[in-house]
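Residue-level structural notes
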Amino acid sequence: QTKNLDISLVKTGCIGFCKEEPIVSVSIPGKALVLLRKVKPDDVERIISLALHGDVPSDRVLCTISDWDHITGNLVYGNEFDTFPEYGEIPFFAHQKKVILRDSGLINPEDIDEYIGIGGYFAAYKALTSMKPDAIIDEVKRSGLRGRGGAGFPAGLKWEITKKAPGEEKFIVCNADEGDPGAYMNRNEMESDPHMLLEGMLIGAYAMGVSEGLIYIRAEYPLAIERLMLALDQARTYGLLGKNIFNTGFDFDIRIATGAGAFVCGESTALAASIEGKTGRPRLRPPRLTEKGVFGKPTDLNNVETWCNVPVIIAKGALWYSSIGAKGNTGTKVFSLVGKVDNIGMVEVPLGTSLHSIIYDIGNGGALGKEVKAVQTGGPSGGCIPVRLFDTPVDFESLNQVGTMMGSGGLVVMDEDTNMVDIARYFINFASGESCGKCVPCREGLKHMLLILNRIVAGKGTRQDIGLLRELAETVQKTSLCGLGQTAPNPVLTTMQYFKEEYDDLISPEA
Ligand code: SF4
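None of the values given here were measured: they were computed from a predicted structure.

**Considering the sheet that holds strand 4 (residues 171-176)**
What the 5 strands build is an open sheet, ordered 6-7-5-4-8; its pairing is mixed. Here the strands that pair on one side only, and so sit at the sheet edges, are strand 6 (242-245) and strand 8 (299-303). Going from strand to strand, the sheet's axes swing by 25° on average, the running direction of each strand aside. Those strands touched by helix 10 (residues 268-275) are strand 4, strand 5 (212-218), strand 7 (250-259) and strand 8, and its axis lies near 105° from that of strand 5. Strand contacts of helix 11 (residues 304-316): strand 4 and strand 8, with the helix running at about 90° to strand 8, the strand carrying the most contacts.

Shown next as structure tokens:
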């Protein structure tokens, strides 16, 4: 104030490098963007000094950004600080390909002008004013985009099925009920760039001829809800939601439905029931949601990340999009890399990248110099993969082949100190607590698996327990009604397959 400085402090979402937070980005007109890591209140003076004179507090500079070619608007090209590594040279960022997270941590998620300033809503404008709805669906199909919620169903095909389903009234829904332990990708996407999600839904709604959208989000994400509400208000004010969008005669709006945090409400039929105000319990399929979804109407359900992929596909084209990733697994995937790994953070890589590259090139291996032992993918529904299989490419089919799954994108790293039986017990305890109780195999089977695991971990298990545990796991997997029960035994089955010796070690020889 005394120096009459013109400095703006702008809130952004997360740039993804959680290990180095709090990070402050300093944007100096005519110079580079500088990221300062592990910032403390005492650093304010030095930060202002940097903004004024370009003096770099060398112990805190993480990197400068000069080569991120899509950045425009208020960010500035050119590296003024040659002695410091550039953004692209920091291993954590260098091995990533940011498509969905391209603006996370760089724009103010509470200001629609910043989103528009970097090309936001261009794709919606292009789609609504110059493309036929079927052409949009074809473009999404050609891109190869598969659902990022875990199942990997082709998104464009699901849109087509919903569009062709009989009935006038239909819904599109965004599944933002992210509940896997250790997973926070969707939360980051909504908190950092909420308009990207709204734009994706707007394009999808137009393509499917739907006038009402819903975002089903857990109440435990208050900041994401707040930013989405603000983004919805701003989009309505700018005529991007509501009546006659872009003067095309197309009407569309989105409302938010909050869930109370039951894990099972991420399952499509339970989610639909919860939106209707009923208890969130799964039902038998078919009929699928595309035939009979929310309020009995045909409904297209995609998760946050799937919707977020849509604007860039329309803006840059299916050909561009399908050039990223692997055959049958195009585009990128966002992961939350957590657990006993050195570089904890939000990671985006082309599908088909190996687990090894994510955990060692980006994650820098085990935390505190420890040896990595395994990684859990797919949350409680996934499995634990040992280091010897880290060449496995991260794609839907390859992960299934080693007994786990993509899930929504949680990657929990375990090191040499982790007991894998205890990990299996943790996940079964979680799934058992989240079971809705509707069907016996899941409700009772998981409880009994937990009892056996408790016995084994306490050193009181027997050889017979191991056989019984496997038998129960296979039964629950085969006979449960919904995905929660069908996949809950995966952590047990994979740890029994890959870490059998750790079970054996806990059984006393006489038992
Ligand atoms: Fe409920 Fe579990 Fe049955 Fe799914 S499998 S319906 S969560 S009891």
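**Let's talk about the pattern of salt bridges**
In this structure the tally under the stated criterion is 28 salt bridges. Between Glu276 and Lys278 there is a salt bridge, with its nearest N and O atoms 2.7 Å apart. Of the residues examined, Lys278 reaches a relative accessible area of 52% and is grouped as exposed.

**With respect to the site of the ligand**
Around the ligand, a shell composed of 13 residues is seen, among which Cys436, Lys438, Cys439, Cys442 and Cys482 lie nearest. Spatially, the ligand is embedded in the largest cavity. By residue class, the composition of the shell around the ligand is 8 nonpolar, 4 polar and 1 charged.

**Overview of the packing of helix 5 (residues 133-143) against helix 8 (residues 194-208)**
What describes two packed helices is the angle between their axes and the distance between those same axes. Axis separation between helix 5 and helix 8 bottoms out at 7 Å; the angle between their running directions is 120°. Between helix 5 and helix 8, the interaxial angle falls into the category oblique. Like other packed secondary-structure pairs, helix 5 and helix 8 cross with a definite hand, here left-handed. Each of Pro133, Ile136 and Ile137 in helix 5 lies in contact with helix 8, whose residues at this interface are Ile203, Tyr206 and Ala207. Considering only residue class, the contact of helix 5 with helix 8 consists of 6 nonpolar, no polar and no charged.

**Side note on the sheet that holds strand 11 (residues 332-339)**
Hydrogen bonds between backbone atoms are what pair the strands of a sheet, whose relative direction is either parallel or antiparallel. Ordered in space as 12-11-15-13-14, the 5 strands form an open sheet in which the pairing is mixed. The sheet is open, and its two edges are formed by strand 12 (345-350) and strand 14 (383-386), each paired on a single side. On average, each strand axis in the sheet is inclined to that of its neighbour by 30°, with strand direction left out of account. Alignment of strand 13 (residues 372-377) against strand 15 (residues 410-415), held across 5 bridges, turns out to be antiparallel. Considered in strand 15, the bridge of Gln376 is made with Val412. Helix 19 (residues 490-498) contacts strand 13 and strand 14 of the sheet and is inclined by roughly 25° relative to strand 14.

**Regarding the confidence of the model for the chain**
Of the residues in the chain, 89% reach a pLDDT of 70 or more, and the chain-wide mean stands at 90. With pLDDT under 50 throughout, residues 65-84 is counted as low confidence; its partners more than four residues away or in other chains account for 56 contacts.

**Focus on the nonpolar core**
Counting residues in each nonpolar core, the largest one holds 62 residues, and the members touching the most others are Leu197, Ile215 and Ile217. In terms of residue count, the dominant contributor to this core is helix 8 (10 residues). With near-sequence residues (within four places) excluded, Ile215 lies in contact with Cys174, Ala176, Leu197, Leu198, Met201, Leu228, Ile254, Arg255, Ile256 and Ala257. One finds Phe93, Leu106, Ile385 and Met414 within the second-largest nonpolar core, a separate group that totals 39 residues.

**Observations concerning the packing of aromatic side chains**
How two aromatic rings sit relative to each other is given by the distance of their centres and the angle of their planes. Inspection of the entire model under this criterion finds 13 aromatic pairs. Centre to centre, the rings of Tyr426 and Phe427 are 5.1 Å apart; their planes meet at 80°, and the pair counts as edge-to-face. For Tyr426, a relative accessible area of 44% corresponds to the partly exposed category. In this structure, Lys333 is placed above the aromatic ring of Phe335, and the distance from its NZ or CZ to the ring centre is 5.5 Å.

**Points about empty space enclosed by the protein**
Under the definition given, this model contains 4 cavities of 30 Å³ or more. Computed from the structure, the largest cavity encloses a volume of approximately 90 Å³. Lining of the largest cavity is provided by 15 residues; of these, Ser435, Cys436, Cys439, Cys442 and Cys482 occupy positions nearest its centre. The set of elements that each furnish at least two residues to the lining of the largest cavity consists of helix 16 (440-457) and helix 18 (483-487). Considered class by class, the residues forming the lining of the largest cavity number 8 nonpolar, 4 polar and 3 charged.

**Things to note about the layout of surface pockets**
A water-sized probe, rolled over the atoms, reveals where empty space remains. Roughly 1400 Å³ of volume is contained in the largest pocket. Taken together, 48 residues form the lining of the largest pocket, with Gly149, Ala151, Gly266, Glu267 and Ser268 sitting closest to its centre. The leading source of residues in the lining of the largest pocket is strand 8, at 5 residues. A breakdown of the residues in the lining of the largest pocket according to their chemical character gives 14 nonpolar, 22 polar and 12 charged.

**So, helix 5**
The complete set of buried residues in helix 5 reads Ile136, Ile137, Glu139, Val140 and Ser143. Across the axial projection of helix 5, the buried residues extend over an arc of 155°, all falling on one side. Turning to helix 5, the residues buried within the fold contact helix 4 (122-130), helix 6 (155-164), helix 8, helix 11, helix 12 (318-322) and strand 10 (329-330). A positive backbone phi angle near 80° is found at Gly144, which sits one or two residues after helix 5.

**Quick word on the state of the cysteines**
If you walk through the whole model with that rule in mind, you get 0 disulfides. Of all cysteine sulfurs in the structure, the one in Cys308 sits closest to Cys174, which takes part in no disulfide; the separation is 7.4 Å. A relative accessible area of 0% means that Cys174 is categorised as buried.

**Some points on helix 6**
All buried positions along helix 6 are accounted for by Ala155, Gly156, Trp159 and Thr162. The buried residues of helix 6 occupy an angular sector of 125° when the element is viewed end-on, so they sit on one face. Tucked inside the fold, the buried residues of helix 6 contact helix 5, helix 8, strand 8 and helix 11.

The rules we used
- Residue indices follow the written sequence of each chain, beginning from 1 at its first position.
- Predicted model: local features are reported for residues with pLDDT of at least 70 only, side-chain atom pairs are reported and counted for 80 or more only, and whole-chain, interface and lining totals are derived from all residues.
- Computation of side-chain values: all heavy atoms of the structure, hydrogens and water removed.
- A pair of strands is labelled paired if DSSP reports no fewer than 2 bridges between them.
- Helix and strand assignments follow DSSP, with helices taken as H or I runs no shorter than four residues and strands as E runs no shorter than two, numbered in order from the N terminus.
- To obtain an axis, a line is fitted to C-alpha atoms, over the contacting stretch when the element is a helix, and the angle between two such axes runs from 0 to 180 degrees between their N-to-C directions.
- Note on contacts: a residue pair is in contact if any heavy atoms of the two residues lie within 4.5 Å.
- What counts as a salt bridge is simple: a side-chain nitrogen of Lys or Arg found within 4 Å of a carboxyl oxygen of Asp or Glu.
- Here the term buried applies to any residue with accessible area under 20% of the maximum for its type, exposed to any over 50%, and partly exposed to those in between, with areas from a 1.4 Å probe on protein chains only.
- Whether a residue is near a molecule or strand depends on its heavy atoms: if one lies within 4 Å, it is near.
- Note on definitions: the grid is 1 Å and covers protein atoms alone; a cavity is a set of points where a 1.4 Å probe fits but cannot get out; a pocket is an open set with protein on both sides within 12 Å along at least five of seven lines; lining residues have an atom within 4 Å of a point.
- Cavity and pocket membership follows a simple rule, namely that a molecule belongs there if more than half of its atoms are within 2 Å of the grid points.
- All residues other than Ala, Val, Leu, Ile, Met, Phe, Trp, Tyr, Cys, Pro, Asp, Glu, Lys and Arg, Gly among them, are scored as polar; the first ten of these are nonpolar and the last four charged.
- Roughly parallel here means an angle under 35 degrees, roughly antiparallel means over 145, roughly perpendicular means 65 to 115, and every remaining angle is called oblique.
- We call a crossing left-handed when the near helix sits turned anticlockwise from the far one by less than a right angle, and right-handed when that turn is clockwise.
- In predicted models, pLDDT denotes the confidence assigned by the predictor to each residue on a 0 to 100 scale.
- Only buried Ala, Val, Leu, Ile, Met, Phe, Trp, Tyr and Cys residues count toward a nonpolar core, and they belong to the same one when joined by side-chain atoms within 4.5 Å.
- In summary, the pairing rule links any two rings of Phe, Tyr or Trp, Trp by its six-membered ring, whose centres are within 6.5 Å, and it sorts them by plane angle into stacked for under 30 degrees, edge-to-face for over 60 and tilted for everything else.
- The rule is short: NZ of Lys or CZ of Arg within 6 Å of the ring centre and within 35 degrees of the ring normal puts a charge over the ring.
- Grid points are joined across faces, edges and corners, and a volume is the space filled by probe spheres set on the points.
- The reported arc concerns the directions from the helix axis to the C-beta atoms and nothing else.
- Cysteine sulfur atoms that come within 2.5 Å of each other are treated as a disulfide pair.

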